2 protein chains.
Amino acid sequence: MSLRIGLVGLGTIARAQHLPAIAATDGVALTAIASRNATLEGVANHRDVTQMLADVDAVSLCTPPQGRFDQAMAVLRAGRHLMLEKPPGATLSEMAVLEAEAARQGVTIHATWHSREAAAVDAARDWLARTRIRAIRIDWREDVRKWHPGQDWIWQPGGLGVFDPGINALSILTALIPDARMVGADLHIPANRQAPIAADLELDAGHPIAAHFNWRVTGGETWQIAFDTDAGAATLSEGGARFTAPGIQTAGENREYARLYARFRDLVAAGDSDCDLAPLRLVADAFLTGRQHAAPAFEDHS
Amino acid sequence: MSLRIGLVGLGTIARAQHLPAIAATDGVALTAIASRNATLEGVANHRDVTQMLADVDAVSLCTPPQGRFDQAMAVLRAGRHLMLEKPPGATLSEMAVLEAEAARQGVTIHATWHSREAAAVDAARDWLARTRIRAIRIDWREDVRKWHPGQDWIWQPGGLGVFDPGINALSILTALIPDARMVGADLHIPANRQAPIAADLELDAGHPIAAHFNWRVTGGETWQIAFDTDAGAATLSEGGARFTAPGIQTAGENREYARLYARFRDLVAAGDSDCDLAPLRLVADAFLTGRQHAAPAFEDHS
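Counting restarts for each chain: residues are numbered from 1 in the order of the written sequence. To label them, take the chains in the order written and letter them from A, then take the ligands in the order written and number them from 1. Given that this is a predicted model, residues contribute local features only at a pLDDT of at least 70 and side-chain atom pairs are listed and counted only at 80 or more, while totals for whole chains, interfaces and linings are drawn from all residues. The side-chain values count all of the structure's non-hydrogen atoms but skip hydrogen atoms and water molecules.

Participant: Hey, could you go over the pattern of salt bridges for me, with residue numbers and the actual values?
Facilitator: Residues and elements named next belong to chain A. A carboxyl oxygen of Asp or Glu within 4 Å of a side-chain nitrogen of Lys or Arg is what we treat as a salt bridge. The full count for this structure, using the stated rule, is 34 salt bridges over all chains. Here Asp-164 makes a salt bridge to Lys-86, at a shortest N to O gap of 3.7 Å. Residue Asp-164 is found in helix H7 (residues 163-176), and its partner Lys-86 is found in the loop between strand E5 (81-84) and helix H4 (92-105); the two are separated by 78 residues along the sequence. In this pair, the class of Asp-164 matches that of Lys-86, namely buried. We count a stretch as a helix when DSSP gives it H or I for four or more residues in a row; a strand needs E for two or more, and each element gets its number in order from the N terminus. Working definition: with a 1.4 Å probe on protein chains only, accessible area under 20% of the residue-type maximum means buried, over 50% means exposed, and in between means partly exposed.

Participant: Which residues make up the UniProt feature "domain: Gfo/Idh/MocA-like oxidoreductase N-terminal" (unreviewed entry) in chain A, and what are the values?
Facilitator: Taken from the UniProt record, the annotation "domain: Gfo/Idh/MocA-like oxidoreductase N-terminal" (unreviewed entry) applies to residues 3-110 of chain A. End-to-end, the C-alpha atoms of residues 3-110 of chain A are 15 Å apart, and along that stretch the chain is 37% helix and 24% strand. UniProt positions are given in the numbering used here, feature names are shortened, and annotations may be inferred rather than shown by experiment.

Participant: So what's going on with the sheet that holds strand E2 (residues 28-34) of chain A? Residues and values would help.
Facilitator: All names here are of chain A. Should DSSP find at least two bridges between two strands, the strands are taken to pair. The parallel open sheet is built from six strands, whose spatial order is E3-E2-E1-E4-E5-E6. Unpaired on one side and paired on the other, strand E3 (44-46) and strand E6 (109-111) mark the two borders of the sheet. Going from strand to strand, the sheet's axes swing by 25° on average, the running direction of each strand aside. Where strand E1 (residues 3-8) lies against strand E4 (residues 58-61), four bridges are found, and the strand directions are parallel. For Ile-5, the partnering residue across the bridge sits in E4 and is Ala-58. Note on definitions: angles span 0 to 180 degrees between N-to-C directions of axes, and those axes are lines fitted to C-alpha atoms, for helices only across the stretch in contact.

Participant: Report on the environment of Gln194(B), specifying residues and quantitative values.
Facilitator: Position of Gln194(B) relative to the elements: it lies in the loop between strand E8 (181-190) and strand E9 (198-204). Measuring from C-alpha to C-alpha, the distance between Gln194(B) and Pro157(B) comes to 5.8 Å, with 37 residues separating the pair along the chain. We call two residues contacting when some pair of their heavy atoms lies within 4.5 Å. Beyond its immediate chain neighbours, meaning those up to four positions away, Gln194(B) contacts Gly290(A), Arg291(A), Gln292(A), Trp155(B), Gln156(B), Pro157(B) and Ile189(B). Here a polar contact means two N or O atoms within 3.5 Å. Within protein one must be a hydrogen donor candidate and the other an acceptor candidate, and residues neighboring in sequence count only if both atoms are side-chain atoms. Within the local environment of Gln194(B), its side chain forms a polar contact with the backbone nitrogen of Gln292(A), the two atoms lying 3.1 Å apart.

Participant: Account for the nonpolar core, with residues named and values stated.
Facilitator: To define a nonpolar core, start from buried Ala, Val, Leu, Ile, Met, Phe, Trp, Tyr and Cys residues and group those joined through side-chain atoms within 4.5 Å. Counting 160 residues, the largest nonpolar core has Phe163(A), Leu201(A), Phe213(A), Phe163(B) and Phe213(B) as the members making the most contacts within it. Beyond its immediate sequence surroundings of up to four residues, Phe213(B) is in contact with Ile138(B), Trp140(B), Val162(B), Phe163(B), Gly166(B), Ala169(B), Leu170(B), Ala198(B), Ala199(B) and Leu201(B). Val43(A), Tyr257(A), Phe264(A) and Val268(A) belong to the second-largest nonpolar core, a separate cluster that totals 21 residues.

Participant: Before we move on, can you summarise the relation of the copies chain A and chain B with the specific residues and values?
Facilitator: In screw terms, the move from chain A to chain B is a rotation of 180° and a rise of 0.0 Å along the axis, fitting with an RMSD of 0.0 Å. On the angle and the small slide along the axis, the relation comes out as a two-fold axis. When the interface residues of chain A are mapped onto chain B, 100% of them again lie at the interface, so the same face is used by both copies. All copies are superposed by least squares; the fitting set is the C-alpha atoms of residues with a pLDDT of at least 70 in both.

Participant: Let's hear about helix H4 (residues 92-105) of chain B: which residues, and what values?
Facilitator: The periodicity of an α-helix, 3.6 residues per turn, causes residues three or four places apart in sequence to face the same way. All names here are of chain B. In this model H4 runs 20 Å from its N-terminal to its C-terminal C-alpha over 14 residues, within 8% of the 20 Å that 1.5 Å per residue would give. Turning to H4, its buried residues number three or more, namely Leu-92, Ser-93, Glu-94, Met-95, Val-97, Leu-98, Glu-101 and Ala-102. Downstream of H4 by one or two residues, Gly-106 has phi in the positive range, about 70°. Each residue after the first adds 1.5 Å to the expected span of a helix.

Participant: Describe the interface of chain A and chain B, with residues and values.
Facilitator: With 30 residues of chain A at the contact, the number on the chain B side is 30 residues. Run the count over chain A and chain B and you get 10 residue pairs in polar contact (both at pLDDT 80 or more). Among the secondary structure elements, those contributing two or more residues to the side of chain A that touches chain B are helix H3 (68-77), H4, strand E8 (181-190), helix H9 (278-289) and strand E15 (290-295) of chain A. Grouping the amino acids of the side of chain A that touches chain B by side-chain chemistry returns 15 nonpolar, eight polar and seven charged. Note that Gly is not counted as nonpolar here; it falls among the polar residues with everything else outside the nonpolar set of Ala, Val, Leu, Ile, Met, Phe, Trp, Tyr, Cys and Pro and the charged set of Asp, Glu, Lys and Arg.

Participant: So, unusual backbone geometry: which residues are in play, and what are the values?
Facilitator: Cis rather than trans, the peptide bond between Lys86(A) and Pro87(A) has omega equal to -10°. With respect to the helices and strands, Pro87(A) occurs in the loop between E5 and H4. Phi is positive for Glu238(A), which is not a glycine, with a value near 55°. Summarising the element assignment, Glu238(A) is placed in the loop between strand E12 (232-237) and strand E13 (242-245). Residue classification places Glu238(A) among the partly exposed positions, given a relative accessible area of 48%. A positive phi is found at Leu160(B), a non-glycine position, where the angle reads about 80°. Judged by its relative accessible area of 2%, Leu160(B) is buried.

Participant: Explain the sheet that holds strand E3 (residues 44-46) of chain B to me, using residue names and the numbers behind them.
Facilitator: All names here are of chain B. Spatial ordering of the open sheet is given by E3-E2-E1-E4-E5-E6, a layout of six strands whose pairing is parallel. Where the open sheet ends on each side, the last strands, each with one partner, are E3 and strand E6 (109-111). Mean inter-strand twist for the sheet, computed between neighbouring axes without regard to direction, equals 25°. The sheet contact formed by strand E2 (residues 28-34) and E3 spans three bridges and is parallel.

Participant: Explain the side chain of Lys86(A) to me, using residue names and the numbers behind them.
Facilitator: Overall, the relative accessible area of 10% leaves Lys86(A) in the buried class. At 3.4 Å, the side chain of Lys86(A) and the side chain of Asn168(A) are in polar contact.

Participant: Which residues make up the domain arrangement of chain A, and what are the values?
Facilitator: All names here are of chain A. The source of the domain bounds is an automatic or database domain assignment. Looking at the assigned domains, one finds that chain A contains domain 1 (3-111) and domain 2 (118-252 + 284-295). Here the C-alpha centroids of domain 1 and domain 2 sit 27 Å apart. Across the contact, six residues belong to domain 1 and 10 residues belong to domain 2. Note on domain 1 versus domain 2: buried area summed over both sides is about 630 Å², and carbon and sulfur give 62% of it. Summed over the shared surface of domain 1 and domain 2, the result is one salt bridge. Our count for the contact surface shared by domain 1 and domain 2 stands at four residue pairs in polar contact (both at pLDDT 80 or more). Summed over both partners, the accessible surface that disappears when two parts come together, traced with a 1.4 Å probe, is what is meant by buried area.

Participant: Before we move on, could you go through the packing of aromatic side chains and cite the residues and values that matter?
Facilitator: Two rings belonging to Phe, Tyr or Trp (six-membered ring only in the last case) form a pair when the distance between their centres is within 6.5 Å. Interplanar angles under 30 degrees mark stacking, angles over 60 mark edge-to-face geometry, and anything in between is tilted. Scanning the entire structure with this criterion turns up 12 aromatic pairs over all chains. Here the aromatic rings of Trp155(A) and Phe298(A) are separated by 5.0 Å at their centres, their planes lie at 35°, and the arrangement is tilted. Separated by 143 residues along the polypeptide, Trp155(A) in the loop between helix H6 (144-147) and H7 and Phe298(A) in the segment after E15 bring together distant segments of the chain. Overall, the relative accessible area of 7% leaves Phe298(A) in the buried class. Should the NZ of a Lys or the CZ of an Arg lie within 6 Å of a ring centre and within 35 degrees of the ring normal, that charge is described as sitting over the ring. In this arrangement the basic side chain of Arg181(A) is found over the ring face of Phe69(B), its NZ or CZ atom lying 3.5 Å from the centre.

Participant: Describe helix H7 (residues 163-176) of chain B, naming the residues involved and giving the relevant values.
Facilitator: For H7(B), with 14 residues, the first-to-last C-alpha span of 19 Å sits near the 20 Å given by 1.5 Å per residue. Within H7(B), 14 of the 14 residues are buried, which leaves it mostly tucked inside the rest of the structure.

Participant: So, the pairing of strand E11 (residues 222-229) of chain B: which residues are in play, and what are the values?
Facilitator: All names here are of chain B. With eight bridges joining them, strand E7 (residues 133-141) and E11 adopt antiparallel strand pairing. Across the sheet, the residue bridging to Trp-140 is Trp-223, located in E11. As judged from the five bridges shared by E11 and strand E12 (residues 232-237), these two strands associate in the antiparallel manner. Paired with Ile-225 across the bridge in E12 is Leu-236.

In C-alpha cells:
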C-alpha cells in the first residue's frame, strides 16, 4: 500500500517539481492538497493543513519558511510523517524543536536538499575522494526577476534573499565537504529590503572555499562549483547536473525530486529520519558574522 | 595529580574570574599562560598557544571569539582538553568542526556558560518545574561604556554586540526552557558599527518569551528574567544570583567560575564533553531572522 501524501502550498515549486515527482515514484500517492487559493483535481482539497491530516500518512511542506513552524508541529503532533522543501524552516532553533517532536512521536522528519540529488553530484564526490582539493570556488548567479518574480516573502526577514538559491550550492558543498566552516561574509542588502541581493562568502575546510552569490545577473544562469585539485581542475555545473574533470564528462537527466520522494518513502519504511541542517547553519553563520553593505534599492518590476 | 591548565588571553575576564577560580578549585592547577602582551608570575609564560602545549594537559580559551578557531584546533590536535569561555566561537559551523575533532582525539571539549552557574538558577529551575509558565520577560540592560570600554572586537562582525551580555540571559533561558525558539527580532545597529547596541527578541516555547537587550542604559544594571506563572510572579535577578517567588527568597555567593572549573575537571576525569550550543544558536537565529534598524552612531568615549 502506498504512502498517502498531502501537499501543503501549491505554488511554482509544487506544480513544477513535487506533483510530477510524486506521480513518477512507486510507493507514494498524492491524496490531498492544502492551499488557501488553489485547488487540484482528483484529490481532497483543503484550506489548511489541520483539515487534511485525516486523509494522509505524511505531509510535504512547500510553503515559505517563515510561517511553517505551526504547520509542521500540527503534522508531527498528529503522528504524521513530515517532508520539508528547502529551506526546512526559518530558524535553527525551530528545527531543533521539530526534530525533538518527531523523535517523541516516532515519526519521520526529512529535511530535503534537492540539489544534492542532482545528476552529477555523486560522480563529483567519487572523483574528489581520489585526489586532494587545493581550493574551491562557488559561483551561483541568476536573475531574481526571472526566478522569483513577485515573491515578497523572500525579501522579508527569514526569507534568506540570495541565500534562497545560494543554500542549494551550500547543500551540495556540505554533501561533498562536511567540515566546511564559515570564516567571513559580505552581505549586500538593498536599501529598501531586509535580505541580501548578493553575498560573498569565505569558508574553510583545510583549503579555502570562496562563494559568490548574485541575484543581479541577467542573460543566463551560472550555478557552478569549481575545484582546484592535485589531479587538475574540475567543475560541477548546471546546478550539479554536469561534472567535468580530466578524462571525465558526466551529465544526466534531472531526477532530483523523484529521488527525494523515493528517499522519504524509504525513511518512513525504515522508521528513520534525515534532518541535516548544515546548509542552514552556514547561512545563519553568514548572517551572524557577515559585514553588511548598503546596495541600491531593488524594485521587482523594472 | 592536578589537571595542568594553560590559560590563553589574560584580559579582564581572565584576571577577574578565571585566575581566582582555578586557585580555589581542587584538582586543577594553572601551569602556563599564553598572552601577546601580558605575563604572570609563578607560571610558564608563552607568546602563543602552540608554545604552551608541552606544559599543560588542558587549555582554557579566554580570547575574543573571532580569532579563536585556529587556537582551539591546535589544542585539540595536540590531544589536549579544551575549555571555552563564552561565546564558545564565532560561528556554529566552526563549533561543529571542533566538536568532531575533540571526538576524534578522544579529549574533552567544554563550552562554558558561566551564568548558568549563578547562585539562584537551580532554585528557579526547581520552582518552575512545579508550576505552569504563562509568559517570560527578559530584561538585560547595562552601560557598554562601563562594561566593555575600548573593546573594539565586540563591535566587529562576529563580535555579537549587545548579544555578548545578552547570550548570558539566553544561556540561563535555555537551561530552564530547552525548547525555546526564535520567532523574530529587531536589531538596532549604530550607523558606524557592525553589531547591535540593542535588540528586542520574540521567542516561543508554548508560551511567549520577550527579551530586551540594551547597552545604552546608564545608572545601574538590570539583568533579570521575570516569570508569569500559575503560581504567581517570580523573578530571577542580578544575573541569576537572586530568585524571588511567592514564599521564596534565594540568593547566594557568586561561585560561577569555580563551578565551571570543577565541572571541567570532572568531565575530563569521566572522558565526557559538554558542548551545548543552544544559546549561540538563538543568537544566530536572531541575526538570521532579525529586522535591522539604523541607530545613532556610537562613540566609545563620550
